[in-house]
Amino acid sequence: MSYKILSLDGGGSWALVQARVLLDIYGDIRGHEILRQFDMAIANSGGSLVLACLCTDMKISEIIGVFKNQDEREQVFSSLTLLERLGWHDLASFIKSLGPKYSMKRKLEGLRKILTDKDHLFKEKVISKPVIDTPLNELPAIIKKDTLQILIVGFDYFHERVSFFRSNTKSETDKFSAGKFYQVTLAHAIHSSSNAPISYFDAPAEINVSLLNGNDKRTTWYWDGAVSGFNNPVLAGLIEATTNNYKSPQEYSILSLGTGTGSQAIITDYEYSTDPNLKAIYDKNKNNKDFAVTSTSSGFIQDIKKMSESILDDPPDSATFIAYSILDPSLSNTANLVRINPCTRAVFNDSTGLYDAPEVYRNMEGGVQKFIDLMDLGMDAVKDEEVNLIDEMCNYFIVNDNSSSLPNQLIRGDTGSKIFLGQPTYKEAKAKWATCK
């Protein structure tokens, strides 16, 4: 049997995609049953909420319900009041007040309430405290797989470096801390991991950490793990596994679930291309604002917004490519690393010469506008109509027959050249995962 890793990207409300994929692959079973099929689960941000729901032993349909319940979403994305947003005392604070929309402190309260309310193990007195308030090192025993490794990614605000919250107190990658192992609860781990800065939450997450022997307890501060470059945590998971298990590359099977990747077509460089065909595409699309980015303007406020959102991206999915290269240096597309992530990018329409919505959206009434709205969604989709767009998108991605569908994100390459790593459709990716024993 291979060593199996489940890797869950960040992406806020878009992590609904991960729950929908798990439902299709495994059926409507409970979280612990899924986790026992893996040897490691690693997650960041929105993916860490999915992982927390799995640790709480919710059924997959219940996890989907968490993302589709507007009241529960608003407990996580608790909007700042006008006074809170304008509570500035200097120019730097004023600039900051233009960005954050949500309360860090109320997020922790919301996470704890949502997951405690749905904790059937605690309600049935199988465990003495809610799973969400349980230290990570105690979770494998509750899940009934002592060897399971759970990792959640955060970014230490003051030390300015990545932190991995681990269930494994004997991890080889943590031995450099002179035997000290600080532990946090599941609530504080996902609170840290899901705390995106600048445009989203108003302060670093304040969490409590302590030595296992209880000799040192302290408060520390964290941003979202995406700040450290691990919004897609698959590479970190593979490194953690290899340093602790010493297995050969052929002995790993990894299921890496994304939260959607997409954008308008970026053709800013086409304007200055010496290739007349590319210049013609630019001229044709320079006013196609819904589907193509052609403006090369920049500015301070615009740059702040771009940088705050860029941490949530991983173009062109470098983490998965590096992890794949470790498993299969020959890049022969035979390694058991399966990436499942819907592509919601504008596509080039050969018949019109314009960038447009994918065919599956063009073929439905009102589909083009729905796709435009989908591309405009941030990770903090809160309103029902916004989350419904994500849920509906899953219907056009999770397709198990030969119907038209949204493409799956490749690990590298493109289908046009027929040289690529990964699987171009969800159906093919799911079939590949079924072969990973």
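Residues numbered from 1 in each chain as written. Predicted model: local features only at pLDDT ≥ 70, side-chain atom pairs only at ≥ 80, totals over all residues. Heavy atoms only, no water.

A. Looking closely at the overall build of the chain. Looking only at helices and strands, the chain features 19 helices and 15 strands. The buried share of the chain, reckoned over its 437 residues, is 52%. When contacts within the chain are restricted to residue pairs at least 6 apart in sequence, long-range pairs at least 24 apart make up 71% of them. Element-wise, carbon and sulfur atoms account for 52% of the exposed surface of the chain, whose accessible area totals about 19900 Å². (Helix = DSSP H or I, 4+ residues; strand = E, 2+ residues; numbered from the N terminus. Buried < 20%, exposed > 50% of the residue type's maximum accessible area, 1.4 Å probe, protein only. Contact = heavy atoms within 4.5 Å. Areas by Shrake-Rupley, 256 points an atom, 1.4 Å probe, with all protein chains shown as cover.)

B. A nonpolar patch on the surface, seen in detail. A grouping of Tyr157, Phe158 and Trp221 is seen on the molecular surface, where their side chains present a nonpolar patch of about 310 Å² in accessible area. Position of Tyr157 relative to the elements: it lies in the loop between β3 (149-156) and β4 (161-166). For Tyr157, a relative accessible area of 33% gives the class partly exposed. (Patch = residues over 30% accessible without salt bridge, like charges linked within 9 Å, V, L, I, M, F, W, Y side chains within 5 Å. Salt bridge = Lys/Arg side-chain N within 4 Å of Asp/Glu carboxyl O.)

C. Representation of the packing of aromatic side chains. Evaluation of the coordinates by the stated rule reveals 13 aromatic pairs. Between Tyr3 and Tyr252 the ring centres are 5.6 Å apart and the planes differ by 70 degrees, which places this aromatic pair in the edge-to-face class. Within this pair, whereas Tyr3 is found in strand β1 (residues 3-8), its partner Tyr252 is found in strand β8 (residues 252-257), the two being separated by 249 residues in sequence. For Tyr252, a relative accessible area of 1% puts it in the buried group. Look at Tyr157 and Phe158: their rings are 4.8 Å apart centre to centre, the planes differ by 85 degrees, and that puts the pair in the edge-to-face class. On the accessibility criterion, Phe158 (57% relative accessible area) is exposed. (Phe/Tyr/Trp six-rings, centres within 6.5 Å; stacked < 30°, edge-to-face > 60°.)

D. Main features of the packing of helix α1 (residues 16-26) against helix α19 (residues 426-434). Contact pair α1 / α19: the axes reach a minimum separation of 11 Å and the direction vectors enclose 55 degrees. Comparing their axes, α19 and α1 come out oblique. With respect to the hand of their crossing, α1 and α19 are arranged in right-handed fashion. Side by side, α1 and α19 meet where Val21, Asp24, Ile25 and Tyr26 of the first sit next to Tyr426, Lys430 and Trp433 of the second. Here the residues of the contact of α1 with α19 are counted per class, giving five nonpolar, no polar and two charged. (Axes fitted to C-alpha atoms, helices over the stretch in contact; angles between N-to-C directions. Parallel < 35°, antiparallel > 145°, perpendicular 65-115°, else oblique. Left-handed = near helix turned anticlockwise from the far one by under 90°. Nonpolar A, V, L, I, M, F, W, Y, C, P; charged D, E, K, R; others polar.)

E. Quick look at the nonpolar core. Membership of the largest hydrophobic core comes to 91 residues, with the highest contact counts inside it found for Leu186 and Tyr361. When neighbours within four sequence positions are excluded, Leu186 is seen to be in contact with Ala52, Cys55, Val131, Ile132, Thr134, Leu136, Leu139 and Ile152. (Core = buried A, V, L, I, M, F, W, Y, C linked by side-chain atoms within 4.5 Å.)

F. Quick peek at the pattern of salt bridges. Applying the stated criterion across every chain yields a total of 16 salt bridges. Ionic pairing is found between Asp24 and Lys430, a salt bridge with its closest N-O pair at 3.0 Å. Of this pair, Asp24 sits in helix α1 while Lys430 sits in helix α19; the two residues are 406 residues apart in sequence, bridging distant segments of the chain. A relative accessible area of 25% means that Lys430 is categorised as partly exposed.

G. Inspection of the environment of Gly367 at higher detail. Here Gly367 lies in helix α17 (residues 367-376). For Gly367, a relative accessible area of 1% gives the class buried. When the C-alpha atoms of Gly367 and Ala357 are compared, they prove to be 8.2 Å apart, with ten residues separating the residues in sequence.

H. The pairing of β1, seen in detail. Within β1, six of the six residues are buried, leaving the element largely enclosed by the surrounding structure. Neither face of β1 is exposed, since Tyr3, Ile5 and Ser7 on one face and Lys4, Leu6 and Leu8 on the opposite face are all buried. For β1 and strand β2 (residues 40-43), the ladder comprises four bridges, and the chain directions are parallel. Bridge pairing in β2 links Leu6 to Ala41. (Pairing = 2+ DSSP bridges.)

I. Spatial organisation of the pairing of β8. Most of β8 sits out of view: six of its six residues are buried. The alternating pattern of β8 places Tyr252, Ile254 and Ser256 on one face and Ser253, Leu255 and Leu257 on the opposite face, and all of these are buried. In this sheet, β8 lies alongside β1 in parallel orientation, the contact comprising six bridges. Following the sheet pairing, Ser7 is matched in β8 by Ser256.

J. Spatial organisation of the packing of α17 against helix α18 (residues 384-397). Running from amino to carboxyl end, α17 crosses α18 at an angle of 115 degrees, the nearest separation of the two axes being 10 Å. Comparing the axis directions of α17 and α18 gives the class roughly perpendicular. Where α17 crosses over α18, the handedness of that crossing is left-handed. Counted together, Lys370, Asp373 and Leu374 of α17 and Leu389, Ile390, Glu392 and Met393 of α18 form the full contact between these two elements. In the contact of α17 with α18, the residues fall into four nonpolar, no polar and three charged.

K. Region of the structure containing helix α11 (residues 186-193). With respect to burial, α11 is a largely interior element, eight of its eight residues being buried. Within α11 the residues assigned to the buried category are Leu186, Ala187, His188, Ala189, Ile190, His191, Ser192 and Ser193.

L. The arrangement of the side chain of Asn285 in detail. Turning to its location among the elements, Asn285 is positioned in helix α13 (residues 276-285). When its relative accessible area of 0% is taken as the criterion, Asn285 is described as buried.

M. View of the environment of Tyr200. By the secondary structure assignment, Tyr200 is in the loop between α11 and β6 (205-211). Taking the C-alpha atoms as reference, Tyr200 lies 5.3 Å from Lys101; in sequence the two are 99 residues apart.

N. Quick peek at helix α3 (residues 46-55). In terms of burial, α3 is largely enclosed, as ten of its ten residues are buried. Every buried residue of α3 is accounted for by Gly46, Gly47, Ser48, Leu49, Val50, Leu51, Ala52, Cys53, Leu54 and Cys55.

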